[in-house]
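# Per-entry structural report
Read off the chains here:
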Amino acid sequence: MSRHFVSIEGLSKVYPSKEQDLVVFEGANIGIDKGEFVCIIGHSGCGKSTILNVMAGLETPTTGTMIMDNKEASGPSLDRGVVFQNYSLLPWLTALQNVSFGVKARWPTWNKAKVEAHSSHFLEMVGLSGALHRKPSELSGGMCQRVSIARAFATSPKLLLLDEPFGALDALTRGVIQDELLKIWSETQQTVFMITHDVDEAILLADRVLLMTNGPHARVAESVKINIARPRNRANIIEDPAYYKIRNYLVNFLVKRSGQLSGSAGQVGGATQEVDPSVEINPKSEQSAALKAAI
Amino acid sequence: MASLNMKATLLSLLLLLVGLGIWEAMNQAPAASTGLSEYERMMGGADQEARVPPPSQVFSHAWDELSDPFYDAGPNDKGIGIQLAYSLYRVLTGYLAAALIAIPLGFVIGMSPLMHKALNPFIQVLRPISPLAWMPLALFIIRDSEGSAIFVIFICSIWPMLINTAFGVANVRTDWIKVARTHELSPLKTAFLVILPAAAPTILTGMRISIGIAWLVIVAAEMLVGGTGIGYYVWNEWNNLDLNSVIFSILMIGLVGMLLDMTLAAVTKLVQYED
Ligand SMILES: Nc1ncnc2c1ncn2[C@@H]1O[C@H](COP(=O)(O)OP(=O)(O)O)[C@@H](O)[C@H]1O
Ligand SMILES: [Mg+2]
């Protein structure tokens, strides 16, 4: 199992309570390769943020482990950068200072000039060279999220975790920042794990999309390969023959199967089913086994 | 905006003039002194001293005092500047000592629910005590009027700072704490780089309330312990029946209090952030 760069095994999270314990998710097995961009989608409240917080070390898992780069990852660490949905910038610092905050924490021995040069470089990458000295209150939501992305990438974590980073943005802004995220990702060759509730966003960005069933007792049911060549952009991606197959597959999962599969305890602990909708829409088990071997 | 400010200034001046005019008119010497009762004659009748002096007199007296504020002609005759300096010294000493204790302790209470629960009963009992109620005990223990006055300032300014610091620290957004955690900041760095700036506006608000209370209390404290200070000065001039000086020092107390408040307001503005 640990041939993956990040390997999560048997992860579950239970919130104890007096009447009945809340099993948010269980039996989650996730493998992520180095440099891979993985998205996870599922209905609101199914436990996506909880998984991400466990991976970030902000929450402790009830069972299971996460191995990253051959070491067990527990507790928060600069090796795992996080971008939160609500940006989480420090409002008393300027954009540059917010990014420098992370850079200084990462490389405490760097001098001021080096920290600032490194930080401005990453702000430039997300198109914010003109707003270095503005505070978050003077920036739009989209600009704040760019600062937050720059802060996370600037510390070069081994794994970058993004929790619905574009959820609060309007469609136009979201599109622009998605392009920027793709650019900075391909330049830095980061490993990224991102939560989204937007199917199109997942197809545009991800190498693989993980599908989560509805909670409680949510599971990571399938791993869908996005077999579309890069570089991708929003205009050309819809012309790819695989696009609608993948899209239909994902939408079908969200609308129908996420509920049907929910709570079907038989599969707990089983491996995550791997699927490539560009090849076949409804894989039979032996076909998918052959597919697994091919991947 | 400019015109609103201008109108407000004009209105303020008008109100001031009307107020002073009424005050001046009401305090002219009585036209006649006929028909005094025996009691009135015993009490000095229509003696000038028994009436509130009109503003013209107060201002000419203020002019005299302010033209030489730091003269020192013995224990009972010092310039207003010296008296205010004594009071400011006591207020600032007690206040800074209180800040030195209240802010770190407030941090601890704000960060630890255990400490909050453990210390809260003491705070709730001690806080409503009038600071002057401590004076006899302070005089007995410290055996020094100066130290006792400073202690009273200390005890009255500690509560707003303590409570606001604890509140500000306890309510730092969890998102910002998460940012500190994912950046592997040490507890000390988290306190200084995240919690302190996040809670600073609330802490400063507490400090501003405290300095206001301290300035209110010092006048009363100095009336009790005597010797020097603006509070003693007011009381002493009342005993001398020098109403000019009494009114003048009341105005000075107000002015200095306003300056203290404005200073803290300016500092608050420096640490304020928009969320
Ligand atoms: N600290 C907590 N205590 C109890 N229940 C929680 C806690 N945090 C999250 N939950 C519950 O866990 C479930 C999953 O939440 P979350 O991971 O935020 O979902 P998602 O991000 O997929 O929308 C929800 O039902 C939520 O109420
Ligand atoms: Mg969420």
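Residues numbered from 1 in each chain as written. Chains lettered and ligands numbered in written order. Predicted model: local features only at pLDDT ≥ 70, side-chain atom pairs only at ≥ 80, totals over all residues. Heavy atoms only, no water.

## As for the state of the cysteines
Under the defined criterion, the tally for this structure stands at 0 disulfides over all chains. Sulfur of Cys 46 of chain A: no disulfide; nearest cysteine sulfur belongs to Cys 39 of chain A and is 14 Å away. (Disulfide = S-S within 2.5 Å.)

## Comments concerning the packing of aromatic side chains
Given two aromatic rings, their pairing is described by the distance between the two centres and the angle made by the two planes. For the structure shown, the criterion picks out 8 aromatic pairs over all chains. Seen in terms of ring centroids, Trp 92 of chain A and Tyr 273 of chain B are 5.3 Å apart; in terms of plane orientation they differ by 55°. Their pairing is tilted. With Trp 92 of chain A in the loop between strand E6 (80-83) and helix H2 (95-106) and Tyr 273 of chain B in the segment after helix H11 (243-271), this pair bridges two chains. Each member of the pair, Trp 92 of chain A as well as Tyr 273 of chain B, carries the same accessibility label: buried. For the pair Trp 107 of chain A and Trp 110 of chain A, a centre-to-centre distance of 4.4 Å together with 5° between the ring planes defines the contact as stacked. Taking relative accessible area as the criterion, Trp 107 of chain A reaches 23% and is therefore assigned partly exposed. Among the aromatic residues, those joined into a ring-pair cluster are Trp 92 of chain A together with Trp 176 and Tyr 273 of chain B. Between Lys 114 of chain A and the ring centre of Trp 110 of chain A, over which it is positioned, the NZ or CZ distance is 4.5 Å. (Phe/Tyr/Trp six-rings, centres within 6.5 Å; stacked < 30°, edge-to-face > 60°. Helix = DSSP H or I, 4+ residues; strand = E, 2+ residues; numbered from the N terminus. Buried < 20%, exposed > 50% of the residue type's maximum accessible area, 1.4 Å probe, protein only. Lys NZ or Arg CZ within 6 Å of the ring centre and 35° of its normal.)

## Description of the domain arrangement of chain A
Residue and element names in this part refer to chain A. Domain parsing of chain A yields domain 1 (6-79 + 158-174 + 186-294) and domain 2 (86-156). Relative to domain 2, the C-alpha centre of domain 1 lies at a distance of 28 Å. With 12 residues of domain 1 at the interface, the matching set in domain 2 holds 12 residues. At the boundary of domain 1 with domain 2, total buried surface from both sides reaches about 1,000 Å², with 68% on carbon and sulfur atoms. If you look at where domain 1 meets domain 2, you find 1 salt bridge. For Asp 79, the salt bridge goes to Arg 106, with nearest N and O atoms at 3.6 Å. Taken together, domain 1 and domain 2 are joined by 2 residue pairs in polar contact (both at pLDDT 80 or more). In terms of residue count, helix H5 (residues 171-188) provides more of the side of domain 1 that touches domain 2 than any other element does, 3 residues in total. Here the residues of the side of domain 1 that touches domain 2 sort into 6 nonpolar, 3 polar and 3 charged. (Domains from an automatic or database assignment. Contact = heavy atoms within 4.5 Å. Buried area = accessible area lost by both parts, 1.4 Å probe. Salt bridge = Lys/Arg side-chain N within 4 Å of Asp/Glu carboxyl O. Polar contact = N/O pair within 3.5 Å; in protein donor to acceptor, adjacent residues only side chain to side chain. Nonpolar A, V, L, I, M, F, W, Y, C, P; charged D, E, K, R; others polar.)

## Re a nonpolar patch on the surface
A cluster of nonpolar side chains, namely Leu 11, Leu 14, Leu 15, Val 18, Ile 22 and Met 26 of chain B, defines an oily patch on the protein surface of about 620 Å² accessible area. Examined against the element boundaries, Leu 14 of chain B turns out to sit in helix H1 (residues 2-26). (Patch = residues over 30% accessible without salt bridge, like charges linked within 9 Å, V, L, I, M, F, W, Y side chains within 5 Å. Areas by Shrake-Rupley, 256 points an atom, 1.4 Å probe, with all protein chains shown as cover.)

## Some points on the interface of chain B and chain A
Residue-level contacts link 16 residues of chain B with 20 residues of chain A. The junction of chain B with chain A conceals about 1,700 Å² of combined surface from both sides, 68% of it contributed by carbon and sulfur atoms. Broken down residue by residue, the surface that chain B buries against chain A is led by Arg 181, Thr 182 and His 183 of chain B, which jointly contribute 33%. At the junction of chain B and chain A, the tally comes to 4 residue pairs in polar contact (both at pLDDT 80 or more). Looking at the side of chain B that touches chain A residue by residue, the class counts come to 8 nonpolar, 2 polar and 6 charged.

## As for the sheet that holds strand E2 (residues 22-32) of chain A
Residues and elements named next belong to chain A. The antiparallel open sheet is built from 4 strands, whose spatial order is E2-E1-E4-E5. Edge strands, defined here as strands with exactly one partner in the open sheet, are E2 and strand E5 (71-72). Pairing of strand E1 (residues 6-15) with E2, which is carried by 7 bridges, proceeds in the antiparallel orientation. Note on E2: the bridge partner recorded for Lys 13 is Phe 25. (Pairing = 2+ DSSP bridges.)

## Description of empty space enclosed by the protein
Scanning the entire structure with this criterion turns up 2 cavities of 30 Å³ or more. In this structure, the largest cavity occupies an estimated 80 Å³ of space. Put simply, the parts of the chain that give the lining of the largest cavity at least two residues each are E6 and helix H4 (141-154) of chain A together with helix H8 (174-182) of chain B. Here the lining of the largest cavity takes 3 residues from E6 of chain A, the largest share from any one element. Residue classes in the lining of the largest cavity are distributed as 5 nonpolar, 4 polar and 2 charged. Of the voids in this model, the second largest cavity is the one considered here, and its volume is about 50 Å³. (1 Å grid on protein atoms, 1.4 Å probe; cavity = no way out; pocket = protein on both sides within 12 Å on 5 of 7 lines; lining within 4 Å. Points joined across faces, edges and corners; volume = space filled by probe spheres on them.)

## Side note on the layout of surface pockets
One number sums up the size of the second largest pocket: a volume of about 410 Å³. Lining the second largest pocket are 19 residues, and of these Ser 100, Phe 101, Lys 104 and Ala 105 of chain A together with Leu 193 of chain B sit closest to its centre. Counting residues per element, the ones that place at least two in the lining of the second largest pocket are H2 and helix H3 (112-125) of chain A together with helix H9 (187-225) of chain B. The greatest single-element share of the lining of the second largest pocket, amounting to 5 residues, is contributed by H2 of chain A. Broken down by class, the residue content of the lining of the second largest pocket amounts to 10 nonpolar, 4 polar and 5 charged.

## So, the site of ligand 1
Residues and elements named next belong to chain A. Around ligand 1, the neighbouring residues are Tyr 15, Leu 22, Val 24, His 43, Ser 44, Gly 45, Cys 46, Gly 47, Lys 48, Ser 49 and Thr 50. Between ligand 1 and Gly 47, the relevant distance is 3.0 Å, taken from an oxygen atom to a main-chain nitrogen or oxygen of the residue. Here an oxygen atom of ligand 1 and a backbone polar atom of Lys 48 are 2.8 Å apart. Across the complex, the protein chains shield 57% of the 570 Å² of accessible surface that ligand 1 would expose by itself. Contributing elements (two or more residues each) for the shell around ligand 1: E2 and helix H1 (48-56). (Near = heavy atom within 4 Å.)

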